[in-house]
Amino acid sequence: MNAILPFVTDPAVSATDFRGAMRHLTGGVSVITAGRGRDITGMTVTSVTSLSVDPPTLIVSVNRDASSFPLIRRLGAFGVNILHADQIDIAERFAGKGGLKGADRFAGADWITSVSGVPLLVGALAALDCEVEEIVERHSHGIVIGRVRDIKSTTRSAALAYWHGQYVAVDQDEDAARLVEVSVPARGRRVV
Ligand SMILES: Cc1cc2nc3c(=O)[nH]c(=O)nc-3n(C[C@H](O)[C@H](O)[C@H](O)COP(=O)(O)O)c2cc1C
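Keep in mind the model is a prediction, meaning the values are calculated, not measured. (Residues numbered from 1 in each chain as written. Predicted model: local features only at pLDDT ≥ 70, side-chain atom pairs only at ≥ 80, totals over all residues. Heavy atoms only, no water.)

Caption draft 1: Quick peek at the overall build of the chain. A tally of regular secondary structure across the chain gives 4 helices and 12 strands. Projected onto its principal axes, the C-alpha coordinates of the chain cover approximately 70 × 50 × 40 Å. When burial is assessed residue by residue, the chain has 32% of its 192 residues classed as buried. Within the chain, contacts between residues separated by at least 24 positions form 64% of all contacts whose residues are at least 6 apart in sequence. Once the 20 positive and 21 negative side-chain charges of the chain are each reduced to a mean point, those two points are 2 Å apart. (Helix = DSSP H or I, 4+ residues; strand = E, 2+ residues; numbered from the N terminus. Buried < 20%, exposed > 50% of the residue type's maximum accessible area, 1.4 Å probe, protein only. Contact = heavy atoms within 4.5 Å. Lys, Arg positive; Asp, Glu negative; His and termini not counted. Charge placed at Lys NZ, Arg CZ, Asp CG, Glu CD.)

Caption draft 2: Spatial organisation of the sheet that holds strand 11 (residues 159-163). Strands sit in the order 1-11-12 across an open sheet of 3 strands; the sheet is antiparallel. Each edge of the sheet is formed by a strand with only one pairing partner; in this case those strands are strand 1 (27-28) and strand 12 (166-170). (Pairing = 2+ DSSP bridges.)

Caption draft 3: View of a nonpolar patch on the surface. A cluster of nonpolar side chains, contributed by Val13, Phe18, Met22 and Leu25, occupies part of the molecular surface with about 400 Å² of accessible area. Along the chain, Phe18 turns up in helix 1 (residues 15-22). (Patch = residues over 30% accessible without salt bridge, like charges linked within 9 Å, V, L, I, M, F, W, Y side chains within 5 Å. Areas by Shrake-Rupley, 256 points an atom, 1.4 Å probe, with all protein chains shown as cover. Salt bridge = Lys/Arg side-chain N within 4 Å of Asp/Glu carboxyl O.)

Caption draft 4: Highlighting the nonpolar core. Formed by 19 residues in total, the largest nonpolar core has its most connected members in Ile32, Val62 and Phe78. For this core, the leading source of residues is strand 9 (residues 126-138), giving 4 residues. Leave out the neighbours within four places in its chain, and Val62 touches Ile32, Met43, Phe69, Ser140, His141, Gly142 and Val144. Val29, Ile40, Ile90 and Ala103 belong to the second-largest nonpolar core, a separate cluster that totals 12 residues. (Core = buried A, V, L, I, M, F, W, Y, C linked by side-chain atoms within 4.5 Å.)

Caption draft 5: Examining the pairing of strand 9 more closely. Sheet topology places strand 6 (residues 77-82) next to strand 9; 6 bridges connect them, and they run antiparallel. In the sheet register, Phe78 faces strand 9, and the bridge partner there is Cys130. Pairing geometry for strand 9 and strand 10 (residues 141-153), over 12 bridges, is antiparallel. Each bridged residue has a counterpart across the sheet, and for Glu131 the counterpart in strand 10 is Arg147. Hairpin geometry of strand 9 and strand 10 is characterised by an intervening segment of 2 residues between the two adjacent antiparallel strands and by a positive phi of about 55° at His139.

Caption draft 6: The packing of aromatic side chains, seen in detail. Summed over all chains, the structure comprises 4 aromatic pairs. Between Tyr162 and Tyr167, the ring centres sit 4.9 Å apart and the planes meet at 65°, which makes this aromatic pair edge-to-face. Aromatic ring contacts, followed pair by pair, group Phe94, Phe106 and Trp111 into a single cluster. (Phe/Tyr/Trp six-rings, centres within 6.5 Å; stacked < 30°, edge-to-face > 60°.)

Caption draft 7: Broad picture of the pattern of salt bridges. One pass over the full model with this rule turns up 8 salt bridges. The residue Lys97 makes a salt bridge to Glu92 at a minimum N-O spacing of 3.5 Å. Among the residues examined, Lys97 registers a relative accessible area of 53% and is labelled exposed. Among the ionic pairs, Arg149 bridges to Glu131, the shortest N-O distance being 2.8 Å. Taken together, the residues span a long stretch of sequence, with Arg149 in strand 10 and Glu131 in strand 9 at a distance of 18 residues. A relative accessible area of 36% places Glu131 in the partly exposed class. Taken together, the shared-partner salt bridges in this structure form one network comprising Arg64, Arg73 and Glu137.

This is the structure we're talking about:
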């Protein structure tokens with residue numbers, strides 16, 4: 001029989017322990033964007049996950065206190081910009097570094113306006129225009145389900161990840177070269 005577990009906080013699991021465990025989870029870094037015209041904002045996230053291919057949907061977990069949340073809810077659209085490894089400065093701006101807010105976070109990079117009106121980053125690995133299908137508000141966050149309406153992608157490949165509290169470049173070419181460096185001497189080694 002399937003028991004339905006009540007929502008209780010286990011006092012044995014502290015916020016510190018939980019954060020410590022989640023630091024091991026490597027996350028791809030994206031900037032989500034919201035709003036229209038000058039009334040725009042955005043934020044750095046690692047919580048973007050593909051939900052389904054047919055139809056093309058994704059989810060992102062957004063703090064309900066974040067400036068993007070009310071705009072996403074009101075306008076029913078948002079952009080997902082999957083960052084390239086050389087876009088750490090953009091990730092930092094949209095995480096609130098330097099106290100930048102709203103439209104000021106967009107300065108210094110090129111943006112286009114998507115069909116639904118949200119800004120999409122030129123030079124992102126991929127930029128997806130999403131329409132809100134549903135928002136599930138749970139605890140401090142809203143789980144936003146987005147239907148992907150349009151995609152702009154590049155042939156660039158080095159991705160930006162976040163792991164153990166720091167940005168890490170995931171570069172296929174560099175990683176492959178490093179693998180060769182490690183594996184060639186091992187293969188060449190003679191067993192005596
Ligand atoms: C690498 C990284 C990943 C983040 N991922 C998320 C996330 O998935 N969801 C979220 O709500 N905030 C996330 N944040 C925090 C927001 O980027 C940050 O709180 C931002 O300043 C919120 O925007 P606001 O200042 O306009 O409210 C992340 C921050 C960093 C540095």
